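Architecture at a glance
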Amino acid sequence: MSPGETLLWRGGELASSPAESTAPMAPTASRADRPTASPPDVLVADSWLVLDGAVRALDVHRDRFTSSVAATGLVADDDDVEAFWGAVVDRLPRDGAWFPRVELVRDSAAGAPELRARLRTAPDRTRSVRVATAARDPRTSPLVKGPDLAALGDVRSEAASRGAEEAVILSPEGHVVEGAWSSLVWWRGDSLCTPADDLPRLPGVTSRTVLTLAAVLGVDVLHDRSTPAELDGAEIWSLSALHGVRIVSGWVDGPSPAEQPGRLATWQARLDALRRPLPARS
C-alpha cells in the first residue's frame, strides 16, 4: 500500500481504486458543468495506529469491524470479510507511523456494498486536548463506527470554532456520554469512572483496554452518570486509538478539570507496552 492509496476488495484481492479521469474538458464545458459523483455512504469503519510495525489491540479492532459488517446483513460471506482484513494487514508498512482505515461503503447510486482500505500517515499525537460541549447530538447509529463520522466531524468543527479540539456528546438528560471521535473516562479519587452502560456510545477499543487494565490492577471502576458541572475538579481523559490517553486540559465554558501528576504518563506507558508486532507477511 502507498500513502493515500485507496484499495478495493474485488474477487478476493485488493485492487487500486480507479483513478479520477484526467482527460481535458470539452471547450464548451465549464468545471461547474462537470458531473460530480456523490461520496459513498460509510456503513462501517475502523482505524488503528501502527508504529514501526506494532499495533495495540489489533484483534479487538478486527472483531469490532467484522461484527459490525456482519450486523449490516449486506455481506453474505463472513470469511470474505476476514480475508479482506488479513489482506489489508499483510500490506501495511512495517516502519513509520501510520493510521490505516478500513470501511464498508455503499455507493448511493448503485446501492452495492464494497469493502475498501486506505493507508494514511498518522496525524500528530498530542498529550492533552481542550473540549467543548457539543451543541447537539448528531448520532443516528451510536453503537457502530462509520455512519456518523461525517456528522460528528461537523460537531467537532463547531467546537473548534469555540477554541476546542474535541466535542463532548451529552445524553438528553445532560449526562456525559462520549467525545465526537473519542471515549471519555474520569477519576474520582482513586476510582476510574466510565459512563453508565445504558448511555449509548461506541464500544471504544482503547476504552475497553484501559478498563481491562484497571480491572487487572485492582482499580475500582464506577459506571457513572455525570453532567459536565459535576466533573468540576475531576481528572478527565480522552481515549482513542490514535492518541491513547490524553488529559482534558480545559473545557470551554464548562468545568475546570484537574490532573494528578504522573498518573497520565504511567497509564500511557502501560498502553504502549501492549503494542505487538503485526503478523508476519504471508
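Structure: see above.
Quick caveat: nothing in here was measured; it's all calculated off a predicted structure.

1. Quick notes on the overall build of the protein
For the protein, the count of helices and strands is 5 helices and 17 strands. On C-alpha atoms alone, the protein measures out to a radius of gyration of 20 Å, which is about the 19 Å that the 2.2 N^0.38 rule sets for 282 residues. If you line up the protein on its principal axes, its C-alpha atoms span 65 × 45 × 35 Å. Classification of the 282 residues of the protein by burial places 45% in the buried group. Counting only contacts in the protein whose residues sit at least 6 apart along the sequence, the fraction spanning at least 24 positions is 69%. Surface accessibility of the protein: about 13900 Å² in total, with carbon and sulfur atoms responsible for 51%. On the protein, the mean spot of the 31 positive side-chain charges and the mean spot of the 39 negative ones are 3 Å from each other.

2. Structural notes on the sheet that holds strand 16 (residues 244-252)
Read from one edge of the open sheet, 8 strands run 11-10-9-16-15-12-13-14, paired in mixed fashion. Strands with a single pairing partner mark the edges of an open sheet, and in this sheet they are strand 11 (176-179) and strand 14 (221-224). With strand direction ignored, the average angle separating the axes of adjacent strands in the sheet is 40 degrees. As defined by bridge partners, strand 12 (residues 183-188) adjoins strand 15 (residues 235-240) across 5 bridges and the pair is classed as antiparallel.

3. Points about the packing of aromatic side chains
Given two aromatic rings, their pairing is described by the distance between the two centres and the angle made by the two planes. Scanning all chains against the criterion turns up 7 aromatic pairs. A network of ring pairs unites the aromatic residues Trp9, Trp48, Phe65, Phe84 and Trp85 as a single cluster. Above the face of the Trp187 ring, Arg263 is positioned so that its terminal group lies 4.1 Å from the ring centre. Seen from the ring of Trp267, Arg270 lies directly overhead, with NZ or CZ sitting 4.9 Å from the centre.

4. Considerations on the packing of helix 4 (residues 205-217) against helix 5 (residues 263-272)
At a minimum axis separation of 11 Å, helix 4 and helix 5 run at an interaxial angle of 105 degrees. Judged by the inter-axis angle, helix 4 sits roughly perpendicular to helix 5. In contact with Thr206, Thr209, Val210, Leu213, Ala214 and Leu217 of helix 4, helix 5 contributes Trp267, Arg270 and Leu271. A breakdown of the residues in the contact of helix 4 with helix 5 according to their chemical character gives 6 nonpolar, 2 polar and 1 charged.

Rules used throughout
- Residues numbered from 1 in each chain as written.
- Predicted model: local features only at pLDDT ≥ 70, side-chain atom pairs only at ≥ 80, totals over all residues.
- Heavy atoms only, no water.
- Helix = DSSP H or I, 4+ residues; strand = E, 2+ residues; numbered from the N terminus.
- Rg over C-alpha atoms; globule rule 2.2 N^0.38 Å.
- Buried < 20%, exposed > 50% of the residue type's maximum accessible area, 1.4 Å probe, protein only.
- Contact = heavy atoms within 4.5 Å.
- Areas by Shrake-Rupley, 256 points an atom, 1.4 Å probe, with all protein chains shown as cover.
- Lys, Arg positive; Asp, Glu negative; His and termini not counted.
- Charge placed at Lys NZ, Arg CZ, Asp CG, Glu CD.
- Pairing = 2+ DSSP bridges.
- Axes fitted to C-alpha atoms, helices over the stretch in contact; angles between N-to-C directions.
- Phe/Tyr/Trp six-rings, centres within 6.5 Å; stacked < 30°, edge-to-face > 60°.
- Lys NZ or Arg CZ within 6 Å of the ring centre and 35° of its normal.
- Parallel < 35°, antiparallel > 145°, perpendicular 65-115°, else oblique.
- Nonpolar A, V, L, I, M, F, W, Y, C, P; charged D, E, K, R; others polar.

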